[in-house]
Amino acid sequence: MNLQKILRSISIVAIFLIPIFPLIVANSYFFPFITGKAFYFRILVELAFASWIILAFLDAKYRPKFTALTIGVSLFALIALVADLLGVNSIRSIVSNFERMEGWLVVIHLWMFYMTATHLFGFGEEGKRMWHRWFNFSLVIAFVISIYGILQLTGNATVHQGSTRIDASLGNAAYMAVYMLMHIGIAVYMSFVARVKQIINSGFLQWVYPILAVLFGFIIFETQTRGTALGLIGGIMLSLALYAIFGRGELKKSRWISGSVIVVIILIGVVFWMNRTSTFIQDNEVLNRLATISWNDTKTQARGYIWPMAISGALERPIFGWGQENFNYIFNANYEPEMWAQEQWFDRAHSVFLDWLVASGFVGLIAYLALYVLALIAIWRRSQLSIAQKSVLTGLIAGYAIHNIFVFDNLASYVFFFAILGFVGSSSISNRKSITSVKNGGQILSQKSPSKISVWLENKTFSTDAVEYIVAPIVLVALVGSLYFLNVRPIQANTGLIKALTACNDSKNLGADVTLFDKIFSINSYMANQETREQVLACAGNVISGQYPGPTKQAFFDLANKVIEAQIAIAPKDARMYVLGGSFMNSVGQFAQSEPLLVKAHELTPAKQSVAFQLATVYINVGKKDEAVALLKQAYESDPTFEEAKSAYIIGLIFNDKEAEAKKLFGDDPTLFETERIAQAYVSIKEYPKAIAIYQKLVAADKTNIQLRAKLAQTQYASGQSWAAIETLRALEKDNPELKTQIESAIKDIQAGKK
């Protein structure tokens, strides 16, 4: 076997293995549903791309054809890079993190996938045949994943999100929904391919494909992802409409049926909407979620808050945007107090189009939208597809676009979107060097001659020796470098983090080991560093509050200090580490170190109540009670419906000897003033009688609560009522004899006067 065959085989195998990635769940990795898939995809793409590059030097057949779509995809990748480099945190924009595994790295890998698959598979009929085989293999994988989803639906497999919204090996219902949406389009398209006998076993497969499409549609509705369901319905209606309008060469009966189906869908939708409050719909989880779709209800879904934030933020940097992975800057600065019940760290606008507007400005958004436009042009003006096939692919692209209005993108949809781009691009030109027109079903499809660059590349010859001894070694070195630095090292850091966290969670054996984190940092993978730093703080908090020896506690405290400083140095305008670092310092009683961190955090995200709570805690502990009360008052008044803010404000007033003012504002409501938090506040200011009275009421309401009864005894002892504390503990022992040993020990300590 010569070198060309070897290279082509490597590329083909790698490209055909890519559809398996949705099945990958790397349980030994941090974020197992994300990282395993991403590393698998990247490694295969890098192998395929490197082999294709060398192959293209050896054989003109595989060299790039500069079609409109190829230029569009390339410009999109280039503009994304420029936007990321000019963004507020360029390194994060390019590399991303374990939770998302996106950034420019995913964009360039998608470009590499597009370039390799498109030019490796070829153009015209040859290219279509290769893509059809790829689609068929991907449909097999999608079928396996749908069976997994059905097992979840029937209770024979666990739903990973902890709800009834099935997610299979994708780990997220929305990811599964869009994955199925893409494969519905592929299955329906392939059914029309089978009908015209363009594939082997077409007689059998033309019935299999529709069955798969129906199965995948059922899975979409069981994921309860409303945006994708709307995309599916919209895509179907558009496909039918296009076929009915433009299918002049098709059977008149088929066109009338298409139009009739549209009418039926509309009637079903009207009847469904008119009966959306019926018991049948309300009692069905899937139908109920669809029935609650409302533009007026966006506030409860967070999009009503973050979409305006995204638009406002984009207008601040309208040309090239903020760079990928930087929406958090906009979110923190423009946080709405009414969002206290929502996620506190949004890193996406939850709309693909808004995400690209924020990440790369209007230039990047236009480049992204151009991909849709160029794909449609390739389908309708350049390709030799039938009207039915064109209609289906157009509906698929439209359905995907509708889905993207409501959800951020991910690898499970990105890969297949770029596969569709590659397919329609390769279908738009033939292998022949110059074509002026092609007849297809009575239509004349004009096609331009190849560009001068494409012709030059096709006619250019390269010395075999030069390719084998210069090009191939350079490509091989680049491949090894990318595999090592972009995959191997991050994987080492990822698995090292799992090992470190496993040790941290082994509190029984005091397993936490600071050197395990040191090993991760020695790898120096930016992709891993932020997540590792944040996990250090969580682990250090557990160690310092646990039974570990002093030197271990000190080592973790020192490491916590280092990671806080390191992360702030890299992202000085990102509120996240200021909040996490300040909260950690609060938890270990280092209020002097916590104060500047939380002051800066409050400056960067002034409306976030959770930050105000932490900063107020610092102020109370360093004697700045007036500042604490003012801060808590502001947090409460920003949204009086937030009960935690109301309670925190009351506690602040109590700490500042303004209990009367608190009761004047809120009355004597026992749900506000007779809580465990209020009791703890009274204990802190040594108002023991008031604390004891509250604890007694709480214990009377819940005698089974051991912690409350123990706190009552502690408060009684702290107030000097040793006899009352012993009496409370005796009663607790009587109701819980299994605790006799611990209780008797506590009683002896009280009798001995120990604290």
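Heads up: the structure comes first, above all this text.
Nothing here was measured: the structure is a model prediction, and the numbers come from that model.

Peer 1: Is there a simple way to think about the overall build of the protein in this case?
Peer 2: Helix and strand counts for the protein come out as 34 helices and 2 strands. Referenced to the eigenvectors of the C-alpha coordinate spread, the extents of the protein come out at roughly 100 × 65 × 50 Å. Burial analysis of the protein (755 residues in total) assigns 53% to the buried set. When contacts within the protein are restricted to residue pairs at least 6 apart in sequence, long-range pairs at least 24 apart make up 67% of them. Charged side chains of the protein number 66 positive and 55 negative; the gap between the two group centres comes to 11 Å.

Peer 1: Help me out: how do you make sense of the side chain of D84 in this one?
Peer 2: The residue D84 is located in helix 3 (residues 68-85) in this model. For D84, the contacting residues outside a window of four places in its chain are S90, S93, I94, W104, G323 and Q324.

Peer 1: How should I be thinking about helix 33 (residues 722-735) in this particular structure?
Peer 2: Given 3.6 residues to a turn, an α-helix orients residues that are three or four positions apart in the same direction. Over its 14 residues, helix 33 extends 20 Å from the first C-alpha to the last, a length consistent with the 20 Å expected when each residue adds 1.5 Å. Where helix 33 is concerned, the buried positions are A724, A725, I726, T728, L729, L732 and E733. The secondary structure elements touched by the buried residues of helix 33 are helix 32 (706-718) and helix 34 (740-751).

Peer 1: What should I look at first to understand the state of the cysteines in this one?
Peer 2: Covalent bonding between the sulfur atoms of two cysteines defines a disulfide. For the structure on display, the rule yields 1 disulfide. Here C504 engages in a disulfide with C539; their sulfurs sit 1.8 Å apart. Its S-S torsion of approximately -85° makes the covalent link between C504 and C539 left-handed. Here C504, found in helix 19 (residues 464-504), pairs with C539, found in helix 21 (residues 526-545); they are 35 residues apart in sequence, far enough to count as distant. Comparing C504 with C539 shows no difference in burial state: the two are buried.

Peer 1: Just checking my understanding: could you explain the side chain of E325 for this structure?
Peer 2: Note that E325 resides in the loop between helix 13 (303-316) and helix 14 (327-333). At 3.0 Å, the side chain of E325 and the side chain of S96 are in polar contact. At a separation of 3.1 Å, a polar atom in the side chain of E325 contacts the side chain of R348. Residues within four places of E325 in sequence aside, it is in contact with R92, S93, S96, R100, E102, G103 and R348.

Peer 1: Explain the nonpolar core to me, please; I cannot follow it from the model alone.
Peer 2: Inside soluble globular proteins, nonpolar side chains tend to come together where they are buried. By size, the foremost hydrophobic cluster in this structure holds 184 residues, and its most contacted members are I18, F113, W134, W356, Y368, F418 and F517. When residues no more than four places from it in sequence are discounted, the contact partners of W134 are I15, F16, I18, P19, F113, F121, F416 and A419. Residues F591, A612, Y636 and I694 belong to the second largest nonpolar core, which totals 40 residues.

Peer 1: Looking at this model, I keep getting lost on the packing of aromatic side chains. Mind explaining?
Peer 2: The description of an aromatic ring pair rests on the distance of the ring centres and on the angle between the ring planes. Per the counting criterion, the structure on display carries 42 aromatic pairs. Seen in terms of ring centroids, W134 and F135 are 6.1 Å apart; in terms of plane orientation they differ by 70°. Their pairing is edge-to-face. With respect to burial, W134 and F135 carry one shared label: buried. Considering the side-chain rings of F135 and F423, the 5.3 Å spacing of their centres and the 75° angle between planes classify their relative orientation as edge-to-face. Within this pair, whereas F135 is found in helix 6 (residues 124-153), its partner F423 is found in helix 17 (residues 411-427), the two being separated by 288 residues in sequence. Of the two residues, F135 and F423, neither departs from the other in class, the shared state being buried. The rings of F16, F21, F41, F113, F121, W131, W134, F135, Y179, Y189, F416 and F423 are connected pair by pair, giving a single aromatic cluster.

Peer 1: What am I meant to see in the packing of helix 5 (residues 103-121) against helix 6 here?
Peer 2: Geometrically, a packed helix pair is captured by the angle between its two axes and the distance between the axes. One can describe the packing of helix 5 onto helix 6 by two numbers: an axis separation of 8 Å at closest approach and a directional angle of 125°. Judged by the angle between their axes, helix 5 and helix 6 are oblique. Taking contact as the criterion, the partners of F113, A117, T118 and F121 in helix 5 are, on helix 6, E126, G127, M130, W131 and W134. For the contact of helix 5 with helix 6, a count of residues per class yields 6 nonpolar, 2 polar and 1 charged.

Peer 1: Can you help me understand the pattern of salt bridges in this one?
Peer 2: Oppositely charged side chains can form a pair if their charged atoms are brought close together. This model, assessed by the stated rule, comprises 19 salt bridges. K663 is the partner of D668 in a salt bridge, and the nearest nitrogen-oxygen pair spans 3.9 Å. Given a relative accessible area of 59%, D668 falls into the exposed group. A salt bridge links E676 to K711; the nearest nitrogen and oxygen atoms lie 2.4 Å apart.

Peer 1: Any chance you could explain the packing of helix 23 (residues 575-587) against helix 25 (residues 609-621) here in plain terms?
Peer 2: At a minimum axis separation of 10 Å, helix 23 and helix 25 run at an interaxial angle of 40°. As judged from the angle between their axes, helix 23 and helix 25 are oblique. In terms of crossing hand, the pair formed by helix 23 and helix 25 is left-handed. Side by side, helix 23 and helix 25 meet where V579, S583 and N586 of the first sit next to V611, Q614, T617 and V618 of the second. A breakdown of the residues in the contact of helix 23 with helix 25 according to their chemical character gives 3 nonpolar, 4 polar and no charged.

Peer 1: Any chance you could explain a nonpolar patch on the surface here in plain terms?
Peer 2: A surface patch of nonpolar side chains, amounting to about 450 Å² of accessible area, comprises L23, V140, F143, V144, I147 and L151. Within the secondary structure, I147 is located in helix 6. A relative accessible area of 36% means that I147 is categorised as partly exposed.

Peer 1: Quick question: what am I supposed to make of unusual backbone geometry here?
Peer 2: Note: most residues except glycine have negative phi, and most peptide bonds are trans. Of note, F31 is a non-glycine position whose phi angle comes to about 55°, a positive value. Counting through the fold element by element, F31 comes out in the loop between helix 1 (3-17) and helix 2 (32-58). Under the relative-accessibility criterion, F31 is labelled partly exposed at 27%. Its identity as a non-glycine residue notwithstanding, A168 has a phi of 50°, on the positive side.

Peer 1: When you look at the environment of V629 in this model, what are you seeing that I'm missing?
Peer 2: Inspection of the secondary structure assignment puts V629 in helix 26 (residues 625-638). C-alpha separation for the pair V629 and N656, spaced 27 residues apart in sequence, amounts to 7.5 Å. Ignoring sequence-local partners within four residues, the contact set of V629 consists of Y649, G652, L653 and N656.

Peer 1: Hey, could you run me through the environment of G395 in this one?
Peer 2: Tracing the backbone shows G395 in helix 16 (residues 387-406). The exposure class assigned to G395 is buried, which follows from its relative accessible area of 4%. Spatially, the C-alpha atoms of G395 and L267 are 20 Å apart, while their sequence positions differ by 128 residues. Filtering out sequence-adjacent residues up to four positions away, G395 remains in contact with G235, L238 and S239.

Quick notes on the rules
- As a convention, each chain's residues are numbered from 1 in the sequence order in which they are written.
- The predicted origin of the model limits local features to residues at a pLDDT of at least 70 and limits the giving and counting of side-chain atom pairs to 80 or more, whereas totals for whole chains, interfaces and linings rest on all residues.
- For side-chain calculations, the full set of non-hydrogen atoms in the structure is used, while hydrogens and water are omitted.
- By definition, any uninterrupted DSSP run of H or I lasting at least four residues is a helix, any uninterrupted run of E lasting at least two residues is a strand, and each is numbered from the N terminus.
- Residue exposure (1.4 Å probe, protein chains only): buried if accessible area is under 20% of the type maximum, exposed if over 50%, otherwise partly exposed.
- Note on contacts: a residue pair is in contact if any heavy atoms of the two residues lie within 4.5 Å.
- In this charge count, Lys and Arg are treated as positive and Asp and Glu as negative; neither His nor the chain ends contribute.
- By convention, the point assigned to a charge is CZ for Arg, NZ for Lys, CD for Glu and CG for Asp.
- What a helix should span is 1.5 Å times the count of its residues minus one.
- Pairs of cysteine sulfur atoms within 2.5 Å are identified as disulfides in what follows.
- Here a polar contact means two N or O atoms within 3.5 Å. Within protein one must be a hydrogen donor candidate and the other an acceptor candidate, and residues neighboring in sequence count only if both atoms are side-chain atoms.
- Only buried Ala, Val, Leu, Ile, Met, Phe, Trp, Tyr and Cys residues count toward a nonpolar core, and they belong to the same one when joined by side-chain atoms within 4.5 Å.
- Aromatic pairs are defined between Phe, Tyr and Trp rings, using the six-membered ring for Trp, whenever the two ring centres lie within 6.5 Å; interplanar angles under 30 degrees are classed as stacked, those over 60 as edge-to-face, and all others as tilted.
- Helix axes use the C-alpha atoms of the stretch in contact, all axes being lines fitted to C-alpha atoms, and the angles between their N-to-C directions lie in the range 0 to 180 degrees.
- These descriptions rest on fixed angle ranges, namely under 35 degrees for roughly parallel, over 145 for roughly antiparallel, 65 to 115 for roughly perpendicular, and the rest for oblique.
- Polar here means any residue outside two lists: the nonpolar Ala, Val, Leu, Ile, Met, Phe, Trp, Tyr, Cys and Pro, and the charged Asp, Glu, Lys and Arg; Gly therefore counts as polar.
- Salt bridges are counted wherever a side-chain nitrogen of Lys or Arg sits within 4 Å of a carboxyl oxygen of Asp or Glu.
- With the far helix as reference, a near helix turned anticlockwise by less than a right angle produces a left-handed crossing, and one turned clockwise produces a right-handed crossing.
- The patches described consist of residues with a relative accessible area above 30% and no salt bridge, like charges being joined within 9 Å and nonpolar side chains (Val, Leu, Ile, Met, Phe, Trp, Tyr) within 5 Å.
- Accessible surface is estimated by sampling points in the Shrake-Rupley manner with a 1.4 Å probe; for residues, cover comes only from the protein chains shown.

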